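The primary structure of each chain is shown beneath.
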Amino acid sequence: MGRQQTVHSSRAACPLGAETRLHCPGAAGDRAALPGTAGAGGHGAAAHALPYGAGTPGYRRVSARYSGSWAGRLHLGSSGILVSSSGLALASSSGRLYTRTLLPQYFVGILKAKGTLRPAERQALFGPWELIYGASQELLPYLEGGHWGEGLENFCPHLELYTEFAANAERSRTTLQEQLKKNKHFRRFVRLQEGRPEFGSLHLQDLLPLPLQRLQQYENLVVALAENTGPNSPDQQQLTRAARLISETAQRVYSIGQKQKNDQHLRRVQALLSGRQAKGLTSGRWFLRQGWLLVVPPHGEPRPRMFFLFSDVLLMAKPRPPLHLLQSGTFACRALYPMAQCQLHRVFGHSGGPCGGLLSLSFPHEKLLLMCTDQEELLHWHHSLTLAISQKN
């Protein structure tokens with residue numbers, strides 16, 4: 001998103017409707033090999049080979065309206081992949097599956113017609129998938145015709161669908177697992193459809209997140225277009241506005257995904273803890289890390305303990321006895337340390353040797369010495385603890 005695009009132009013101006021030229025640094029065939037740049041032998045140099053070249057059946061060249069100074073040709077390949085002459089894919093179709101309507105055709109439409117799932121179950125599984133697909137299909141002719149600004153501006157009112165889709169992702173996964181387990185007709189149908197050669201061995205669970213991957217590709221595309229569109233272009237304001245709105249939506253979608261992952265970790269950790277003290281310990285917290293560390297006492301041998309690090313507290317737990325009738329395999333909470341009051345020091349283990357190291361955690365009324373025999377694991381713990389302390393301070 002924040003990638004800076006450098007622009008090179010060999011022409012003072014180009015007529016309205018001429019092919020735009022966009023150069024994306026870092027791709028194969030950088031500036032020196034681009035047509036129309038100093039290292040490419042002038043304006044007449046041949047374009048580099050594309051993932052779907054002009055000789056490929058169904059290949060379509062996209063002409064964009066005048067944008068002042070662009071340095072690479074944009075093409076829309078037969079799979080819907082937008083590429084520059086340097087070979088960089090700016091927006092793909094998630095392995096061609098999205099633009100070929102495979103999921104709507106072979107799953108959503110047939111399930112609706114057959115009635116294998118009730119409407120509420122189908123909605124929980126796919127969310128606004130069909131509406132998102134329809135919005136993308138409306139955008140495609142604008143991209144093919146080179147009407148970037150108008151097309152993306154018309155597309156932006158549909159962005160809320162992606163937020164709704166992201167919020168439904170966990171419910172979708174749960175619904176899929178439940179239906180595969182208890183609905184034999186649905187299970188047989190899914191196996192049959194997944195076996196089609198068009199899906200390339202992908203499963204339904206792999207296909208469901210495609211709209212969110214597509215949103216990331218739209219963000220990459222519109223940011224590149226906005227950064228490389230001159231101020232005199234009629235598309236400039238529309239592209240800048242679309243870039244802002246799509247980037248904001250992508251950030252909201254990312255935040256939703258992070259919260260869902262954190263909630264999964266909290267439920268898993270809560271299930272590992274047992275006893276009265278464990279109730280509600282993980283509620284409202286952000287999970288950072290867990291693992292075994294050796295607690296070094298003032299006297300005696302080090303004792304292994306399981307530690308769970310959250311954004312605000314460090315939880316030390318002891319494993320229940322293996323023969324415990326009801327709580328075998330769980331952990332009993334032994335202490336809860338507030339990270340806002342923690343001072344962290346590395347006692348030894350600075351040299352990066354293979355012997356691990358020792359961390360000192362000082363609290364107002366207690367001091368912990370934690371040993372780790374693995375150097376890499378020690379570094380991860382030190383980083384995570386430092387992060388938790390800095391967040392609270």
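Because the structure is a prediction, the values reported are computed rather than measured.

The rules behind each value
Residues numbered from 1 in each chain as written. Predicted model: local features only at pLDDT ≥ 70, side-chain atom pairs only at ≥ 80, totals over all residues. Heavy atoms only, no water. Axes fitted to C-alpha atoms, helices over the stretch in contact; angles between N-to-C directions. Helix = DSSP H or I, 4+ residues; strand = E, 2+ residues; numbered from the N terminus. Parallel < 35°, antiparallel > 145°, perpendicular 65-115°, else oblique. Left-handed = near helix turned anticlockwise from the far one by under 90°. Contact = heavy atoms within 4.5 Å. Nonpolar A, V, L, I, M, F, W, Y, C, P; charged D, E, K, R; others polar. Core = buried A, V, L, I, M, F, W, Y, C linked by side-chain atoms within 4.5 Å. Buried < 20%, exposed > 50% of the residue type's maximum accessible area, 1.4 Å probe, protein only. Polar contact = N/O pair within 3.5 Å; in protein donor to acceptor, adjacent residues only side chain to side chain.

(A) Representation of the packing of helix α3 (residues 129–145) against helix α9 (residues 210–227) in the model. Interhelical geometry of α3 versus α9 gives an angle of 30 degrees and a closest axis separation of 11 Å. Classified by the angle their axes make, α3 and α9 are roughly parallel. Crossing angle aside, the handedness with which α3 passes α9 is left-handed. From α3, Trp 129, Ile 132, Ser 136, Leu 139 and Leu 143 reach across to α9, where they touch Leu 210, Pro 211, Tyr 218 and Leu 221. Tallied by class, the residues present in the contact of α3 with α9 amount to eight nonpolar, one polar and no charged.

(B) Layout of the nonpolar core. Phe 107, Phe 126, Leu 152, Tyr 162, Phe 186, Leu 204 and Ile 246 are the most contacted members of the largest nonpolar core, which has 46 residues in total. When residues in this core are grouped by element, the largest group, eight residues, is from α9. Aside from chain neighbours lying at most four places away, what touches Phe 126 is Leu 103, Phe 107, Val 108, Leu 111, Phe 165, Asn 168, Leu 204 and Leu 208. Counting 22 residues, the second-largest nonpolar core is a separate cluster that includes Met 339, Leu 359, Leu 361 and Ala 388.

(C) Representation of the side chain of Gln 193 within the structure. If you trace the backbone, Gln 193 turns up in helix α7 (residues 184–194). According to the relative accessible area criterion, Gln 193 is buried, its value standing at 3%. At a separation of 2.6 Å, a polar atom in the side chain of Gln 193 contacts the main-chain carbonyl oxygen of Tyr 106. Residues in contact with Gln 193, not counting those within four places in the same chain, are Tyr 106, Phe 107, Ile 110 and Phe 199.

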